[in-house]
Amino acid sequence: MALTLGLAACSSGGTEATPAAEGGSSAAAPSTVKLGFMGDLTGANAGIVIPPRNGAKLVIDEYNKTNPAVKIELVEYDSQADPSKAVALAQQAIKTDKIVGMIGPAFSGESAQVAPVLEEAKLPSISASATNAALATNGWKFWHRVLPSDSIQGPGIGDFIATGVGAKKVFVIDDKSEYGKPLSDAVKAALEAKGVTPETDSLDPAESDFSSVVNKVAAAKPEAIFFGGYYAAGGNLLKQLRDKGVTAKFLSGDGSLDKGLIDGAGAENAEGALVGCPCYIATPDVTDAKVKAFADAYKAAYSADPAIYAAEGYDAATVFVDAIKAGHVTPDKINEFIATVDIAGVSKQVKFEANGEVSAKDIYIYQVKDGAIGLLGKATEAKLG
């Protein structure tokens, strides 16, 4: 999945005599504007960031091929999921590169640090993958995300564990991160609301030996285990659980929706693992014409089927492209346009609430079968095979 792509081949800095559609101004519009994409592109969990980057690049490349008056250059910022590095990159994007909008940041931890910087600069952003619920509570006017938060994902997965899986004894594990801990807490609360009181523990994803947690799980003999964290640690944890003889159903959230979970655990250990996600991944048998066209174009461009958040990356970039098509080439005007968006995306209907949250609230359940991740359906409807 670690595809390596160059930046969109667009020049910058030139201008045309085309009038800018900013309040009817006759000032010359730029011939090129820059959009940023920020996320972990080379780190341990790049597998869930490269697909949305590819989705964003796909729609921008499609737009540029129409030879528009204002082209778009996609500038990539590889944060490696390091919040301090992400902040420095955001400052570079604002002061040096002078981008007009940001797709990302990809993860919740870096989003919490970068969003205030973008807010101060009045620079609009749309994340395709950051799910921490608290991000929407800061009163930010330039921040948006194109997927439901963990306040939706957590209850969706928790209800599925209690109802869809039918588990009465559950063990919830988190990775202590700004993403994993709140998600696990939301799953735990949903389970408790269903009359299930789970046992809990935490692990450090920087370590490789999870025997302390594994031993506690083995002693508890749960029917289901939920892990709130990313696939690199999730695969390792699942392997160690199975090596210990723990056969309980293994579930995780969107941070584990990557083939890396299978690679880390081993195909036999990962078989049957369940992953919830506020994302829609187009499957090869999709019939919706718009989604199928996206999936076909993605596969043609990257020699791979769309993966986690590829569709959300495409939709986030589409919002920016539509703003620029409408003649909005400054950050403030683009942000005003985002507030009015109501379009049928390839992942969902894209419409933003006043706090930057997307209006759509569906959560999907995926399952590992025969060494591949497949869609079971919406969390409210999914049935175990």
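Above this note sits the structure.
Rules and cut-offs
Residues numbered from 1 in each chain as written. Predicted model: local features only at pLDDT ≥ 70, side-chain atom pairs only at ≥ 80, totals over all residues. Heavy atoms only, no water. Phe/Tyr/Trp six-rings, centres within 6.5 Å; stacked < 30°, edge-to-face > 60°. Helix = DSSP H or I, 4+ residues; strand = E, 2+ residues; numbered from the N terminus. Buried < 20%, exposed > 50% of the residue type's maximum accessible area, 1.4 Å probe, protein only. Disulfide = S-S within 2.5 Å.

The tally for this structure, following the rule as stated, stands at seven aromatic pairs. Ring centres of Tyr298 and Tyr302 lie 4.8 Å apart, and the angle between their planes is 65 degrees; on these two criteria the pair is classed as edge-to-face. Within this pair, Tyr298 and its partner Tyr302 are both found in helix 10 (residues 289-302), separated by four residues, close to a single helical turn. Across the pair, Tyr302 and Tyr298 agree in class, each one buried. Taken together, the aromatic side chains of Phe294, Tyr298, Tyr302 and Tyr314 make up a single cluster linked through ring pairs.

Let us look at the state of the cysteines. Applying the stated criterion across every chain, the model contains one disulfide. Here Cys277 pairs with Cys279 through a disulfide, and the sulfurs are 2.1 Å apart. Classification of the bridge connecting Cys277 and Cys279 rests on its S-S torsion, roughly 125 degrees, and on that basis the disulfide is right-handed. Accessibility assignment for this pair places Cys277 and Cys279 in one class, buried.

Of note, the bond from Gly104 into Pro105 is cis; its omega dihedral lies within 30 degrees of zero at -5 degrees. Residue position: Pro105 is located in the loop between strand 5 (101-103) and helix 3 (108-120). Positive phi, normally seen in glycine, also occurs at Lys98, with a value near 55 degrees. Mapped onto the fold, Lys98 is located in the loop between helix 2 (83-97) and strand 5. Although it is not a glycine, Asp370 sits at a positive phi angle of roughly 55 degrees. Looking at where Asp370 falls in the secondary structure, it is placed in the loop between strand 15 (364-369) and strand 16 (372-378). Accessibility expressed as a relative area gives 67% for Asp370, which makes it exposed.

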